[in-house]
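Structure at a glance
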Amino acid sequence: MTGFSIAALTGDKLSCRRGFKPLFRDLDLTARAGRALVVTGPNGAGKSSLLRLLAGLLAPSAGNVRLSGGPEEGGLREHLHYLGHDDAVKGALTVAANLDFWRQVLGPTGSDVEEALDEVGLGGLGRLRASVLSAGQKRRLAIARLLVSQRPIWILDEPTTALDVKAQAQFAAFGRAHLAAGGILVAATHAPLDLGEADELNLSGRAIPLRTEEFDS
Ligand SMILES: Nc1ncnc2c1ncn2[C@@H]1O[C@H](COP(=O)(O)OP(=O)(O)OP(=O)(O)O)[C@@H](O)[C@H]1O
């Protein structure tokens, strides 16, 4: 992997609402190159919502997200990989065609398709229709997107869901290699990810209590 030059992804005074519900307010965070930021907290605490804010997929109700250092050109979205809960696998396409699609969309700057499938343990399955993959295999295919295009920022929502123990260890190795290359990695998780020394942002206790008038507005 090549070295990356973006120094940090920062959220300043972030506030978030989902529907009528305020989730958190005035949240400051920094994800630094070379050190994972792990977002934890109970179900419904707002981890996925925060990751969507950081990825530019959801607008904060206040505050902003910014990059420091790195190339001037391109917005945040051109520099990041976002893996949500949904694996974004098209069942009607083959495994290889799914990955090739993402390689073209995200930029073919990493491993080629066959290589990446081998790396995630899907070698030999490229010609299979993706609809027949198991849940863990679909997650492996989603993780292969991280390998076919080199992007400095990885924003990952529960990346090891459905992965067996070996695939979890493989994912951890990919994450550590990304960080060693100077990448930024933010992950929401309920389980340890084995990414080396990491910063933790725990959203429990940050939830804003609902007030009845918020149901009425
Ligand atoms: N599109 C939406 N519209 C309204 N409310 C939403 C929407 N998406 C999420 N929410 C609510 O926001 C809250 C936080 O959801 P979020 O998915 O961010 O939590 P989470 O911490 O990632 O949870 P989990 O650990 O269960 O994945 C939940 O109460 C959820 O119902």
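Located above this text is the structure these notes cover.
Our subject in this report is the structure included herewith. Model, not experiment: these values are computed from the prediction. (Residues numbered from 1 in each chain as written. Predicted model: local features only at pLDDT ≥ 70, side-chain atom pairs only at ≥ 80, totals over all residues.)

1. Re the sheet that holds strand β5 (residues 80–83)
The test is simple: In this analysis, strands are considered paired if DSSP registers two or more bridges between them. Helix and strand assignments follow DSSP, with helices taken as H or I runs no shorter than four residues and strands as E runs no shorter than two, numbered in order from the N terminus. An axis is simply a line fitted to the C-alpha atoms; with a helix, the fit covers only the stretch in contact. Between two such axes, the angle follows the N-to-C directions and lies from 0 to 180 degrees. What counts as a contact is two residues whose backbone-derived C-beta atoms lie within 7 Å of each other.
Strand order in this open sheet of 5 strands is β5-β6-β7-β3-β8, and the pairing throughout is parallel. The strands lining the two open edges of the sheet, one partner per strand, are β5 and β8 (198–202). Here the strands of the sheet are splayed against their neighbours by 15° on average, with no regard to which way each runs. Here 3 bridges tie strand β3 (residues 36–40) to strand β7 (residues 184–188), and the two strands are oriented parallel to one another. Following the sheet pairing, V38 is matched in β7 by A187. Running over the sheet, helix α5 (residues 165–180) touches β3, β6 (153–157) and β7 and is turned about 145° from β7.

2. Observations regarding the site of the ligand
Threshold: Only the C-beta atom matters for this test: placed from the backbone, it must lie within 6 Å of a molecule or strand for the residue to be near it. Side-chain classes follow a simple rule in which Ala, Val, Leu, Ile, Met, Phe, Trp, Tyr, Cys and Pro form the nonpolar group, Asp, Glu, Lys and Arg form the charged group, and the remainder, Gly included, forms the polar group.
Taken together, the neighbourhood of the ligand is formed by 13 residues, with R18, G19, N43, S48 and S49 sitting nearest. For the shell around the ligand, the secondary-structure elements that each account for two or more residues are β2 (21–32) and α1 (47–54). In terms of residues, the shell around the ligand owes the most to one element, α1, which gives 3 residues. Class assignment for the residues of the shell around the ligand results in 3 nonpolar, 7 polar and 3 charged.

3. Here's the deal with the packing of helix α2 (residues 95–106) against helix α4 (residues 135–148)
Spelled out, the test is: The labels follow the angle: roughly parallel below 35 degrees, roughly antiparallel above 145, roughly perpendicular from 65 to 115, and oblique for the rest. Each crossing gets its hand from how the near helix is turned against the far one by less than a right angle, where anticlockwise is left-handed and clockwise is right-handed.
Axis separation between α2 and α4 bottoms out at 9 Å; the angle between their running directions is 40°. The orientation of α2 with respect to α4, classified from their angle, is oblique. Seen along the crossing, α2 lies across α4 with a hand that is right-handed. Residues V95, N98, L99, W102, R103 and L106 of α2 form the contact with α4, whose own contacting residues are L141, A144, R145 and V148. A breakdown of the residues in the contact of α2 with α4 according to their chemical character gives 7 nonpolar, 1 polar and 2 charged.

4. Regarding the sheet that holds strand β1 (residues 6–18)
Strands sit in the order β2-β1-β4 across an open sheet of 3 strands; the sheet is antiparallel. Looking along the sheet, the strands with just one partner apiece sit at the ends: β2 and β4 (62–69). Direction aside, neighbouring strands of the sheet carry axes that sit 5° apart on average. Taken together, the 7 bridges between β1 and β4 define a ladder with antiparallel strand orientation.

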